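What follows is each chain in one-letter form.
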Amino acid sequence: MAMSRLFTLVFFPQICSTRTGNTYILYLTSRLRMGFFTSIRNLFRGDAQPESAAQETNAGGTLPSSQTNGPANPNPEQKALTVALRQVEPRLSAWLTVVLEGVEKADDRLWARIAFLLSSLEVPAVEVNAFIAKFRLWLDDMEYERLEDFKSELQYRLALALDLEDEEDERSRLMLKLSEGLAKTREQISQGLNTLFASGRTIDESFWEKLEEILIMADVGFATAHALTERLRRRARTEGIREAAELRAAMRLELLDVFKPMRRISVVNPPEVVLMIGVNGVGKTTTIAKLCHRAVLQGKKVLLVAGDTFRAAATEQLEIWAKRAGAGFYAKGHGADPAAVAFEAIDQAVTEGCDMVFVDTAGRLHTKVNLMEELQKVARVLGKRHPGAPHRTILVLDATTGQNALSQVKLFNEACGIDELVLTKLDGTAKGGIAVAIAMQYGIPISFVGLGEKMDDLRPFDPEGYVSALLGLEKG
Ligand code: GDP
């Protein structure tokens, strides 16, 4: 078997197994979207010869020097790694565990191993080098040395580059994070539910009362808890469920029903403009930074716009994040008109050929009316300068504020219409049930959840993972 096929089997067995005619090409291209791995796409399409994946790095062995299909003359260490890779599940985390065996810090050994992994995936040398160089710059900026401090970022970058986020592996990582994050909420909900759903118990009026009570405790809110219980009652009636134990699965389905699938917006005329709104302190700046980081890693040219001209600290913070992520930045002086800032920023974004623009906005709620008028004006001006903008308006909410988040949704939705929600600080809150309340009352999709302060702690919202984590169930 040719080396390339062998590696394909090691790394992409699903491609080989589903391959019929050109089908695998479509499958693959739909999953890979960025420059790093264009070579793989081309290779499978058969219309390009990959460049050399040569690496000068020499640590624990010389890397392949001029092969076209992964390491052609693997040294003993690489051979051992290849054997080990073949034996693990084809998942990024499993590959990384094998490839990073014995690596403890950012040194030549690490670069050699990453290069080995990527060259095994037939990534051209220039793209391998670019990936490593970018990552090294980031490590320098962050002053990280030890592998344990940056391993998750490395995995995150590789996952984004490979567009592996929908892979089972990534889902279980999210599941794990969500479960950790929702631990407190789960204590509230699942302990109560465990007792309630314990086999043998029949479903009577006191059962429904108790269920409603548990949901209210987890900050699902009174109205939502009541509505959810009613829906479950109906389901139990139509499906003839009499035993409490059977109801847990029914509840999972009912909750899944609540979350709307994300609406995909395809932008006709770049740049795609995203208006970020939310009350001060909810984590808006951090979320913009995280979204920007993701977009840059996906190969997009991004501009961050400091539309909160009131808070100097927010502007400074945003500038730092833009620099770290490798994005552009636009700001005017303190107190400048936010609508003018937005207008001029779009000019800059168009001139520079940006793919995405994130516009930060003010969030001082004590001047409610002014703030809402200001946001409406910014949105209007954006649309005037760039038809269709803002293409997305994202409200950032702090999950720890519980029911208060609901009134923020109402207020901002009335003012400028919300397309998506980001729910931050789900880590360590006992109020994770708020996501259910928001979804049931407003039907606005939650696109991301914040599970910590690090850049890779912003994860796409996965309703299945969330509901399972909430109910203390195995997913699926
Ligand atoms: P802003 O005022 O809305 O721009 O809020 P910031 O982005 O400055 O965030 C306020 C605080 O919340 C900062 O200390 C952030 O590090 C923290 N933060 C933001 N998102 C999260 C999250 O998902 N989890 C946790 N634990 N903290 C977060």
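Q: Run through the overall build of the protein, naming residues and quoting values.
A: Within the protein, the regular secondary structure consists of 21 helices and 8 strands. When each of the 476 residues of the protein is scored for burial, the buried share is 43%. Of all intrachain contacts in the protein linking residues separated by at least 6 positions in sequence, the fraction that spans at least 24 positions is 72%.

Q: Account for the environment of Gly-402, with residues named and values stated.
A: Mapped onto the secondary structure, Gly-402 falls in the loop between β5 (392–398) and α19 (404–416). Here Gly-402 falls in the partly exposed class, since 19 other C-beta atoms lie within 10 Å of it. Between the C-alpha atom of Gly-402 and that of Ala-435, which follows or precedes it by 33 residues, the distance is 9.2 Å.

Q: Give me the lowdown on the pairing of β5, citing residues and values where you can.
A: Counting buried residues in β5 gives 6 out of 7 residues, a clear majority hidden from the surface. Pairing geometry for strand β1 (residues 272–277) and β5, over 4 bridges, is parallel. Looking across to β5, one finds that Met-276 is bridged to Ile-394. For the segment spanning β5, α19 and strand β6 (residues 420–424), crossover handedness is right-handed.

Q: An account of the site of the ligand is needed here, citing residue identities and associated values.
A: The immediate surroundings of the ligand are formed by 18 residues, with Gly-283, Lys-284, Thr-285, Thr-286 and Gly-450 found nearest. The element contributing the most residues to the shell around the ligand is helix α15 (residues 284–297), with 3 residues. A class-by-class count of the residues in the shell around the ligand yields 3 nonpolar, 10 polar and 5 charged.

Q: Residue-level account of the confidence of the model for the protein, with values.
A: A residue-level look at the protein finds 74% of positions with pLDDT of 70 or above and a mean pLDDT of 77. This stretch, residues 1–69, has a pLDDT under 50; its non-local contacts, to residues over four places away or in other chains, come to 125 contacts.

Q: Any chance you could break down the pairing of β1 for me, citing the residues and the numbers?
A: Counting buried positions along β1 yields 6 of 6 residues, so the element is predominantly enclosed. Because side chains alternate across β1, one face comprises the buried residues Glu-272, Val-274 and Met-276, and the other comprises Val-273, Leu-275 and Ile-277, equally buried. With 4 bridges connecting them, β1 and strand β4 (residues 356–359) associate as parallel partners. Counted as the bridge partner of Val-273 is Val-357 from β4.

Q: So what's going on with the packing of helix α14 (residues 244–258) against helix α21 (residues 463–471)? Residues and values would help.
A: Viewed as axis vectors pointing N to C, α14 and α21 meet at an angle of 140°, and their least axial separation amounts to 10 Å. Considering the relative orientation of α14 and α21, their crossing is right-handed. Two secondary-structure elements touch here, α14 through Arg-248, Met-251, Arg-252, Leu-255 and Leu-256 and α21 through Pro-463, Glu-464, Val-467 and Leu-471. Across the contact of α14 with α21, the residue classes tally to 6 nonpolar, no polar and 3 charged.

Q: Before we move on, could you go through the nonpolar core and cite the residues and values that matter?
A: Ranked by internal contacts, the top residues of the largest apolar core, which has 116 residues, are Cys-292, Leu-304, Val-305, Val-357, Phe-358 and Val-359. Of the residues forming this core, the biggest block, 8 residues, is contributed by helix α7 (residues 108–120). Once residues within four sequence positions are removed from consideration, Val-305 is found in contact with Tyr-330, Val-341, Ala-342, Ala-345, Val-357, Phe-358, Val-359 and Asp-360.

Q: Hey, could you go over unusual backbone geometry for me, with residue numbers and the actual values?
A: Generally, phi is negative for residues other than glycine and the peptide bonds are trans, each holding for most cases. Here the residue pair Pro-270 and Pro-271 is connected by a cis peptide bond, since its omega of 5° sits within 30 degrees of zero. Going from Ala-389 to Pro-390, the amide bond is cis rather than trans, its omega being -5°. Looking at the secondary structure, you find Pro-390 in the loop between α18 (368–385) and β5. With a phi angle near 60°, Lys-425 is a residue other than glycine that sits in the positive phi range.

Q: Quick one: what's the story with the sheet that holds β1, residue by residue and with numbers?
A: Strand order in the open sheet formed by 8 strands is β3-β2-β4-β1-β5-β6-β7-β8, and the pairing between neighbours is mixed. A strand with exactly one partner marks an edge of an open sheet, and here the two such strands are β3 (328–330) and β8 (458–460). Strand-to-strand twist across the sheet, computed as the mean angle between neighbouring axes with direction ignored, equals 25°. Of the strands in this sheet, β1, β2 (302–305), β4, β5, β6, β7 (446–450) and β8 are in contact with α15, which crosses β2 at around 170°. Seen against the sheet, helix α17 (residues 338–352) touches β1, β2, β3 and β4 and runs at an angle of roughly 165° to β2.

Q: Can you break down the packing of α7 against helix α8 (residues 125–142) residue by residue, with the values?
A: The interhelical angle for the contact between α7 and α8, taken along N-to-C directions, is 140°, at an axis separation of 10 Å. One element, α7, and the other, α8, form an angle in the oblique class. In terms of crossing hand, the pair formed by α7 and α8 is right-handed. Here α7 contributes Trp-111, Ile-114, Ala-115, Leu-118 and Ser-119 to the contact with α8, which in turn contributes Val-128, Phe-131 and Ile-132. For the contact of α7 with α8, the class distribution of residues is 7 nonpolar, 1 polar and no charged.

Q: Now, about helix α20 (residues 434–442): what can you tell me, with residues and values included?
A: Within α20, 7 of the 9 residues are buried, which leaves the element mostly enclosed by the surrounding structure. Ile-434, Ala-435, Val-436, Ala-437, Ile-438, Ala-439 and Met-440 are the residues of α20 that are buried. Looking at the buried positions of α20, the neighbouring elements they touch are α13 (222–239), α14, α19, β6, β7 and α21. One or two steps after α20, the chain reaches Gly-443, where phi turns positive at roughly 65°.

Q: Provide a residue-level description of the environment of Lys-151, including the pertinent values.
A: For Lys-151, the location among the structural elements is in helix α9 (residues 147–162). Distance from Lys-151 to Thr-97, taken between C-alpha atoms, is 10.0 Å for residues 54 residues apart in sequence.

What counts as what
- Residues numbered from 1 in each chain as written.
- Predicted model: local features only at pLDDT ≥ 70, side-chain atom pairs only at ≥ 80, totals over all residues.
- Helix = DSSP H or I, 4+ residues; strand = E, 2+ residues; numbered from the N terminus.
- Buried ≥ 20, exposed ≤ 12 C-beta atoms within 10 Å, placed from the backbone.
- Contact = placed C-beta atoms within 7 Å.
- Pairing = 2+ DSSP bridges.
- Right-handed = clockwise from strand over helix to strand, strands pointing away.
- Near = placed C-beta within 6 Å.
- Nonpolar A, V, L, I, M, F, W, Y, C, P; charged D, E, K, R; others polar.
- pLDDT = per-residue confidence, 0-100.
- Axes fitted to C-alpha atoms, helices over the stretch in contact; angles between N-to-C directions.
- Left-handed = near helix turned anticlockwise from the far one by under 90°.
- Core = buried A, V, L, I, M, F, W, Y, C linked by C-beta atoms within 7 Å.
- Parallel < 35°, antiparallel > 145°, perpendicular 65-115°, else oblique.

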